[in-house]
Amino acid sequence: MKATIKTNKGEMHVEFYEKDAPNTVANFVKLAKEGFYDGLTWHRVIPNFVIQGGCPKGTGVGGPGYTIDCELDGDNQHHDRGVLSMAHAGRNTGGSQFFVCHSRENTSHLDRNHTCFGKVVEGLDVIDDIREGDAIESIVIED
């Protein structure tokens, strides 16, 4: 399964880690198909670290109204450049907020603490162009 994250700065094409994080992928896909992410912003951008979105309040404190468990045991639980991972406020508190890693250099401490559930395979340059407040126009799922 794949997705296209359409932003005001361009498109990022994602391949999901369905084997490693099936519940996290299913949750993200469900929210995307419902249009949950459409029009939200990248509310947290830390250069050479991550871009983060998926908060309906735009502040980093909102979510979908429920939480999901972390999935940390798979083979692809490494925060490399372009990896999508679930943001949370503590183990098993994720929901809709996710981040995309700028590089491996400053993200290795996140390994097996946050669920990696996909990776940008095309459009990596868009990650570098995103600024705080930029828009997630839509996320299109390709089954």
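Here goes a summary of the coordinates provided. As a convention, each chain's residues are numbered from 1 in the sequence order in which they are written. Note on the predicted model: pLDDT of at least 70 is required for a residue's local features to be given, and 80 or more for side-chain atom pairs to be given and counted; whole-chain, interface and lining totals, by contrast, use all residues. Calculated side-chain values reflect all of the structure's heavy atoms, with hydrogen atoms and water omitted.

Notes on the packing of aromatic side chains
Between 30 and 60 degrees the pair is tilted, below 30 it is stacked and above 60 it is edge-to-face, where a pair is any two Phe, Tyr or Trp rings, Trp via its six-membered ring, whose centres lie within 6.5 Å. Inspection of the entire model under this criterion finds eight aromatic pairs. Measuring from centroid to centroid gives 6.4 Å for Phe-16 and Phe-117, while their planes differ by 10°, and the two rings are stacked. Of this pair, Phe-16 sits in strand 2 (residues 10–16) while Phe-117 sits in strand 7 (residues 116–122); the two residues are 101 residues apart in sequence, bridging distant segments of the chain. For the pair Phe-16 and Phe-117, a shared accessibility class is recorded, and that class is buried. Seen from their ring centres, Phe-28 and Phe-98 are 5.2 Å apart, and the 85° between their planes marks the pair as edge-to-face. Placement of the pair is Phe-28 in helix 1 (residues 22–33) and Phe-98 in strand 6 (residues 98–101), with a sequence separation of 70 residues. With respect to burial, Phe-28 and Phe-98 carry one shared label: buried. A connected cluster of aromatic rings, assembled from ring pairs, spans Phe-16, Phe-28, Phe-36, Tyr-37, Trp-42, Phe-98 and Phe-117. In DSSP terms, a helix is any run of H or I states spanning at least four residues, a strand is any run of E spanning at least two, and both are numbered starting from the N terminus. Relative accessibility decides the category of a residue: with a 1.4 Å probe and only protein chains considered, values under 20% of the type maximum give buried, values over 50% give exposed, and everything between is partly exposed.

Overview of the environment of Glu-18
By the element assignment, Glu-18 lies in the loop between strand 2 and helix 1. Beyond its immediate stretch of four places on either side in the chain, Glu-18 contacts Met-1 and Val-25. At 2.7 Å, the side chain of Glu-18 and the backbone nitrogen of Met-1 are in polar contact. In what follows, residue pairs with any heavy atoms lying within 4.5 Å of each other are defined as contacts. The definition of a polar contact used here is a pair of N or O atoms within 3.5 Å, where within protein one atom must be able to donate a hydrogen and the other to accept one, and adjacent residues in sequence count solely through side-chain atom pairs.

As for the sheet that holds strand 4 (residues 50–53)
What holds strands together in a sheet is hydrogen bonding between their backbones, with the strands either parallel or antiparallel. A pair of strands counts as paired when DSSP detects no fewer than two bridges linking them. Read from one edge of the open sheet, eight strands run 3-4-6-5-7-2-1-8, paired in antiparallel fashion. Edge strands, defined here as strands with exactly one partner in the open sheet, are strand 3 (42–46) and strand 8 (136–142). Each strand axis lies, on average, 25° off the axis of its neighbour in the sheet, ignoring direction. Direction of pairing for strand 4 relative to strand 6: antiparallel, over a ladder of four bridges. Residue Ile-51 lies in a different strand from strand 6, and its bridge partner there is Val-100. Axis definition: a line fit to C-alpha positions, over the contact stretch in the case of helices; interaxial angles, taken between N-to-C directions, run 0 to 180 degrees.

Everything listed here is a matter of geometry and, on its own, says nothing about what the molecule does.
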